[in-house]
Amino acid sequence: MKTIWILVLVVFYNGISLNGVATNVPARPPFVSIGALLPFNSTIGKVAKVAIQAAVDDVNADPTILGGTKLRIKMQNADKSGFLGIIDALKFMETDTVAIVGPQSSVTAHAISFVANELQIPLLSYSSTDPTLSSPQFPFFVMTARNDLYQMAAIAEIVDYYGWKEVIAIYGDDDYGRNGIAALGDKLAERRCKISFKAPLTPAATREEITDLLVKVALTESRILVVHTFNSWGPVVFSVAQYLGMMGPGYVWITTNWLSTLLETDSPLPAGTLDDIQGVLTLRMYTPDSELKRKFVSRWSTLTSGTTAYGSNPMGLSTYGLYAYDTVWLLAHAINAFFDQGGNISFSNDSRLAALRGGSLHLDALNIFNGGNLLRQNILQVNMTGVTGKVKFNPDGNLIHPAYDIINVIGNGIRRIGYWSNYSGLSVVPPETLYSRPPNRSSSSQKLHGVIWPGQTAQKPRGWVYPENGRHLRIAVPSRVSYCEFVSQVPGTDKFAGYCIDVFTAAINLLPYAVPYKLIPYGDGVNNPSCTELVRLITAGVYDAAIGDIAIITNRTKMVDFTQPYIESGLVVVAPVKKRNSSAWAFLQPFTGQMWSVTALFFIIVGAVVWILEHRLNDDFRGPPRRQLITILWQVTCNIICSLIDCSEMVPPHFIFSIFFQILSQYLSFLIHI
């Protein structure tokens, strides 16, 4: 009996269950406190608030998710901006929460991410998509929506797809706007495009400030405008642009997903607002169609009953609402894995903050979450399927399979003209259908449907005009010492002349518009400059182009584009041209006096050799000296003539000569034997 009781005590002491599996796991608490930091009345926040609460209710209604533990959420209305918004966020973090959903603003996220690192409290944001927030500097910040880095890559590919090279960026002058446009500049540079003009606006920009800025934009060369701004004054930009005549033919407006969010949430917009954005292209985070998504969309009208977005219109469901809903489910799965691994919810004082005890800010009230690292690891390892599709993080901390809808605003609604994905680029088929195929980023595979551009035109805009205040093109001209016929500087002036200059001037005159340019000499005029170095300076932006006899070689074609060659030599032989009289004896012209002397000497040497070899054995080489000399000369002459006749391809003339020499040979032989 004692043995049985000892075994029972051992079982309970080591936490061994009847099936032999270790259960040395702390008991789960009845509640887990989480927080949500968002502005309740913003375009994104009012949708996210409903979606977050719905997700918490759904998680608590399913006991299999957390094993009986309930989520207890506290929402903080972060409707303030700047410093006051950061203070509200810090006050909110005084409560003992294991994780916070939010913040919505990237500016606030930058500030409190440092606090989250210290307190080891994960921040899961469905709307703070600043590319710099995903850096290793903020390990406790988890971006549960699409990183703006991919959105800027999509815009860069659209610009490149239509063959445009320069864009104008209109953006909010804060961390979110500046970092997003910096990412756009990098992505454009990868495709040899660039931002020609940056037009920043303060977060609280007035209509007058926007007007002044757009007037400057209208005077520039590019007509491709990218608007990366806020929902608050984004529509004002288009209203002013309409007033200034910048929504007509020739202009191209591309916005980030703030416009699609506005269209989804507050649709239908007022007629005046819709008129201002006709022909605009905008992006929207792509979410594949699924049964989970359809069920949640069908519930949305019930969840938002009694809530209106604009006037009396019901509040629509934006993609941010879908990502906010999945963020809560992602956190619930991570908390469940946290408990399965023996995680315990406990907090401890930060010794470095204890020295600040007694201050009016009460920073000593901030506690460290002891299980923060384990929870963060479980968040990044979640692999689930939600209303937004597959939810899984790559090693960089970003969601896998980033993709966007490309939308064209037409009439009273929108039209999807295609998709962009990081896997296959631009396409007209849903991205998930391409994941099973090998990636194909060739130019022939990049496709989009037709677009109705501003001004109700289907013709693709050229993308640029002659600028009112634009700079002159800086065109380099090699200051060469040799081959001055191609290009050279007129002495004592700043003008250039030559064949290349004439070709360039003729091409400029054929253009239907004026192109201001300035020719700049390249080189010291003493030595021929390096054309390869000149080409490199063009890629570096020192010059815009170059004119001259610059050879097209492989390494240069990798740096710049060349025109079609208008000078081509090929393989040639250079010889002087002289007029000479032609006659029947023209074949004797190459034989100079020296040549005849050598030939005569050759006759004598060959004759002597023949005589030495033959006169002792051949009777024809005997007799009087006169006879022997005639025989030697004749034999040498016949041998040489026969060799020339046999080697020649001109049969008819030499055939006649051969007959003549045969007759002459018989006649001379007759004279010798007389």
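See above for the structure.
Model, not experiment: these values are computed from the prediction.

(A) Geometry of the packing of helix 13 (residues 319-340) against helix 15 (residues 372-380). At their nearest, the axes of helix 13 and helix 15 sit 8 Å apart, and the two run at 125° to each other. Here helix 13 lies oblique to helix 15, going by the angle between them. The hand of the helix 13/helix 15 crossing is right-handed. Residues Leu-330, Leu-331, Ala-334, Ile-335, Ala-337 and Phe-338 of helix 13 touch helix 15, and the partners they reach there are Leu-374, Leu-375, Asn-378 and Ile-379. Taken together, the residues that form the contact of helix 13 with helix 15 break down as 9 nonpolar, 1 polar and no charged.

(B) Geometry of the sheet that holds strand 21 (residues 517-522). Spatial strand order, 21-18-22: 3 strands in an open sheet with parallel pairing. The open sheet has two edge strands with one neighbour each: strand 21 and strand 22 (545-546). In this sheet, strand 22 lies alongside strand 18 (residues 473-478) in parallel orientation, the contact comprising 2 bridges. What sits directly across from Ile-475, in strand 22, is Ala-545.

(C) Focus on unusual backbone geometry. In this structure, the amide linkage connecting Gly-102 to the following residue, Pro-103, adopts the cis form with an omega of 0°. As for its position among the elements, Pro-103 is in the loop between strand 3 (100-101) and helix 5 (106-119). In this model, Ser-267 is joined to Pro-268 through a cis peptide bond whose omega is -5°. Of note, Pro-268 is situated in the loop between helix 10 (258-265) and helix 11 (271-276). The phi dihedral of Gln-456 falls on the positive side, at around 55°, and the residue is not glycine. By secondary structure assignment, the location of Gln-456 is in the loop between strand 17 (425-427) and strand 18.

(D) Structural detail: the sheet that holds strand 8 (residues 224-228). Strands sit in the order 7-6-8-9-10-15-16-17 across an open sheet of 8 strands; the sheet is mixed. Only two strands of the sheet have a single partner each, and these edge strands are strand 7 (194-201) and strand 17. Neighbour to neighbour, the strand axes of the sheet diverge by 30° on average, direction disregarded. Sheet analysis places strand 16 (residues 413-421) next to strand 17, joined by 3 bridges and oriented antiparallel.

(E) Quick peek at the environment of Gln-381. Considering the arrangement of structural elements, one finds Gln-381 in the loop between helix 15 and strand 13 (383-386). Expressed as a C-alpha distance, the spacing of Gln-381 and Ala-334, which sit 47 residues apart in the sequence, is 7.9 Å.

(F) Region of interest: the packing of aromatic side chains. In this structure the tally under the stated criterion is 19 aromatic pairs. Ring geometry for Tyr-423 and Tyr-435: centres 5.5 Å apart, planes at 80°, overall edge-to-face. Of this pair, Tyr-423 sits in the loop between strand 16 and strand 17 while Tyr-435 sits in the loop between strand 17 and strand 18; the two residues are 12 residues apart in sequence, bridging distant segments of the chain. The partly exposed category is assigned to Tyr-423, whose relative accessible area is 25%. Feature note: the residues Tyr-161, Tyr-162, Trp-164 and Trp-453 constitute an aromatic cluster, connected by ring pairs. Just above the ring of Phe-140 sits the side chain of Arg-376; from NZ or CZ to the centre is 5.4 Å. Here the guanidinium or amino end of Arg-462 rests over the ring plane of Trp-464, the centre of that ring lying 4.5 Å away.

Reading the values: the criteria
- Residues numbered from 1 in each chain as written.
- Predicted model: local features only at pLDDT ≥ 70, side-chain atom pairs only at ≥ 80, totals over all residues.
- Heavy atoms only, no water.
- Axes fitted to C-alpha atoms, helices over the stretch in contact; angles between N-to-C directions.
- Helix = DSSP H or I, 4+ residues; strand = E, 2+ residues; numbered from the N terminus.
- Parallel < 35°, antiparallel > 145°, perpendicular 65-115°, else oblique.
- Left-handed = near helix turned anticlockwise from the far one by under 90°.
- Contact = heavy atoms within 4.5 Å.
- Nonpolar A, V, L, I, M, F, W, Y, C, P; charged D, E, K, R; others polar.
- Pairing = 2+ DSSP bridges.
- Phe/Tyr/Trp six-rings, centres within 6.5 Å; stacked < 30°, edge-to-face > 60°.
- Buried < 20%, exposed > 50% of the residue type's maximum accessible area, 1.4 Å probe, protein only.
- Lys NZ or Arg CZ within 6 Å of the ring centre and 35° of its normal.

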